[in-house]
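Tertiary structure, described
The primary structure of each chain is shown beneath.
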Amino acid sequence: MDERLAIEGGTPVRTRPFGPGHDFGEDDAEAVAEVVRTGAVGKGKRVLEFERAFAARHGVRHGMSVTSGTAAMHVAVAAINPDPGDEIIVTPWTSGGSIIGLLLHNCVPVFADIDDTYTLDPADVEAKITPRTRAIIAVHLFGNPCDLDALADIARRHNLFLIEDCAQAHFAEYQGRIVGSIGDIAGYSFGGKHLSAGIGGMVLTNNESLWERGLLFSDAALPRAGGPYAGRPYANYFLGPNYRMNDLIAALLLSQMKKVDGYIEAKIQAAQALTEGLADLDEITPQRVRPGDRNTYWVYGVTLDTDRLTCDAWQFADAVNKEGVPMGGPYLGTGKEGPLYRNPFLAEPNLYGHSRFPLDYGREHAIDYRLIECPNGEQLMQRGVNIQMRPSFTEADIADMVAAIRKVTVHYRKPVFALA
Ligand SMILES: Cc1ncc(COP(=O)(O)O)c(C=O)c1O
């Protein structure tokens with residue numbers, strides 16, 4: 001075989017495209033068509049059925065469907081009814097969708113560092129608590145559960161809410177318990193994750209008052225039949241947006257629910273095969289999964305020991321891509337814009353017009369995200385590369401991925417004498 005890298009003009013390991021990330025078939029089309037034929041495409045019985053089914057899968061009392069994962073995280077924060085300027089502790093290595101809602105709710109994100117699970121380091125979370133902290137958001141990144149016992153313990157001792165962000169972690173398990181059922185309230189995205197309708201989200205909670213406020217908030221605080229304010233005069237009772245899901249989306253999600261366990265099982269198997277295939281490459285360390293946890297691998301992430309390579313993680317991912325295997329560079333994007341505290345919406349505070357609100361609300365000095373550092377995460381995530389998992393991956397696909405990653409690693413490996 002031509003061992004020259006494809007990026008340097010060699011023959012790529014793989015030229016065939018990979019299979020789809022979801023199995024959308026006639027069954028799904030029929031489920032949606034059925035709703036269209038009824039003409040009742042708004043929020044109706046399919047939404048109710050989906051909320052019940054999804055909540056039941058988690059053993060949780062209440063499911064509140066919404067329009068996106070971003071909306072779900074907003075509802076989760078709104079449900080706890082924080083005051084402007086209240087602080088919510090969160091990882092900076094997550095989608096903006098984890099924190100957009102809290103900012104729209106005039107709260108401020110306080111960033112805590114992560115460990116090699118790519119999720120919150122409980123010790124740093126505790127160090128970041130102030131009298132204004134109201135909640136912790138536990139993001140199960142890539143499908144890997146946070147240390148929920150430790151975070152729940154901190155939340156309990158400091159009287160904080162624990163909000164789970166399960167957008168990337170559908171049906172993942174922390175020590176045998178399904179995520180989304182452990183914190184006070186949890187948010188999900190259906191915009192392209194394991195269970196997907198291209199859009200949509202869900203909020204789960206066992207807490208009656210969080211359910212009441214969250215449900216009302218997601219629907220403009222209107223007194224709907226069957227809802228918490230049923231029977232009251234028609235009015236908007238407090239400020240809330242319209243985040244209602246409709247029956248078209250719910251019908252597609254109900255149909256996809258029948259297949260999602262298969263998707264997840266296939267991704268877990270593929271991830272295990274990748275880990276086994278790459279085990280002898282000392283330069284590569286997979287995201288750590290705690291024994292007893294179930295990572296559902298929306299994304300397969302590894303850290304590169306770039307001290308032993310002559311390339312950085314971006315060059316590595318680029319070379320693997322040229323070998324015909326789709327690989328992402330460091331999450332989230334480049335080192336400069338990587339963690340959320342470096343994203344323009346926080347680093348160049350322009351959240352509301354020309355004000356510094358809410359970063360200065362009730363504070364002598366406005367929070368300046370340019371001064372924030374999370375050193376462990378910076379070290380770890382700028383050396384990270386990842387593969388978006390697909391249920392269609394075959395053994396031959398995995399063999400090609402391993403071959404491409406091996407070829408690139410060997411090519412960029414520093415000679416041993418250079419390590420001294
Ligand atoms: C961890 C996390 N939270 C929230 C969101 C927001 O979800 P959505 O894109 O459905 O608004 C995402 C989306 O990628 C996510 O990955």
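The notes below deal with the structure included here. (Residues numbered from 1 in each chain as written. Predicted model: local features only at pLDDT ≥ 70, side-chain atom pairs only at ≥ 80, totals over all residues. Heavy atoms only, no water.)

**Quick word on the pattern of salt bridges**
What the rule picks out here adds up to 30 salt bridges. The partner of Arg46 in a salt bridge is Glu34, and the shortest N-O contact between them spans 3.2 Å. With Arg46 in helix H2 (residues 45-58) and Glu34 in helix H1 (residues 26-38), this residue pair connects regions lying 12 residues apart in the sequence. Residue Glu34 is classed as partly exposed on the basis of its relative accessible area, which comes to 37%. Each member of the salt-bridge network shares a partner with another, and the members are Asp23, Asp27, Asp28 and Lys259. (Salt bridge = Lys/Arg side-chain N within 4 Å of Asp/Glu carboxyl O. Helix = DSSP H or I, 4+ residues; strand = E, 2+ residues; numbered from the N terminus. Buried < 20%, exposed > 50% of the residue type's maximum accessible area, 1.4 Å probe, protein only.)

**Here's the deal with the sheet that holds strand E1 (residues 62-66)**
Strand order in the open sheet formed by seven strands is E1-E9-E8-E5-E4-E2-E3, with mixed pairing between adjacent strands. The open sheet has two edge strands with one neighbour each: E1 and strand E3 (108-111). The sheet shows a mean angle of 25° between the axes of neighbouring strands, taken without regard to direction. (Pairing = 2+ DSSP bridges. Axes fitted to C-alpha atoms, helices over the stretch in contact; angles between N-to-C directions.)

**Points about the site of the ligand**
Taken together, 13 residues lie near the ligand, and Gly69, Thr70, Asp165, Ser189 and Lys193 sit nearest. A distance of 2.7 Å is found between a nitrogen atom of the ligand and a side-chain nitrogen or oxygen belonging to Asp165. Side-chain polar atom of Lys193 to an oxygen atom of the ligand: 2.8 Å apart, as the coordinates give it. Here the ligand has 390 Å² of accessible area as a free molecule, and 83% of this is covered by the chains. The residue makeup of the shell around the ligand, split by class, is two nonpolar, nine polar and two charged. (Near = heavy atom within 4 Å. Polar contact = N/O pair within 3.5 Å; in protein donor to acceptor, adjacent residues only side chain to side chain. Areas by Shrake-Rupley, 256 points an atom, 1.4 Å probe, with all protein chains shown as cover. Nonpolar A, V, L, I, M, F, W, Y, C, P; charged D, E, K, R; others polar.)

**Structural notes on unusual backbone geometry**
Omega for the peptide link from Tyr331 to Leu332 comes to -5°, which places this bond in the cis form. Mapped onto the fold, Leu332 is located in the loop between helix H9 (313-322) and helix H10 (344-347). Cis geometry is adopted by the peptide bond preceding Pro358, which originates at Phe357 and carries an omega value of 0°. Structurally, Pro358 is set in the loop between H10 and helix H11 (375-381).

**A word on the layout of surface pockets**
In this structure, the largest pocket encloses a volume near 550 Å³. Surrounding the largest pocket, 22 residues form its lining, Lys43, Leu48, Glu51, Leu215 and Gly226 being those nearest its centre. Listed by contribution, the elements that provide at least two residues to the lining of the largest pocket are H2, E1 and helix H7 (208-217). Take the lining of the largest pocket: its biggest share by element is five residues, from H2. Residue composition of the lining of the largest pocket, by class: 10 nonpolar, five polar and seven charged. Here the second largest pocket defines a volume of roughly 240 Å³. Considering the residues around the second largest pocket, the lining is formed by 15 residues, among which Leu104, His105, Asn106, Phe217 and Leu239 are closest to the centre. Secondary-structure elements contributing two or more residues to the lining of the second largest pocket are helix H3 (69-80) and H7. (1 Å grid on protein atoms, 1.4 Å probe; cavity = no way out; pocket = protein on both sides within 12 Å on 5 of 7 lines; lining within 4 Å. Points joined across faces, edges and corners; volume = space filled by probe spheres on them.)

**A word on the side chain of Ser65**
Structurally, the position occupied by Ser65 is in strand E1. Overall, the relative accessible area of 2% leaves Ser65 in the buried class. In terms of polar contacts, Ser65 uses its side chain to reach the side chain of Glu51, at 2.7 Å. If we skip the residues at most four places from it in the chain, Ser65 touches Val47, Glu51, Gly201, Met202, Tyr243 and Met245. (Contact = heavy atoms within 4.5 Å.)

Keep in mind that these numbers describe shape and distance, not what the molecule does.
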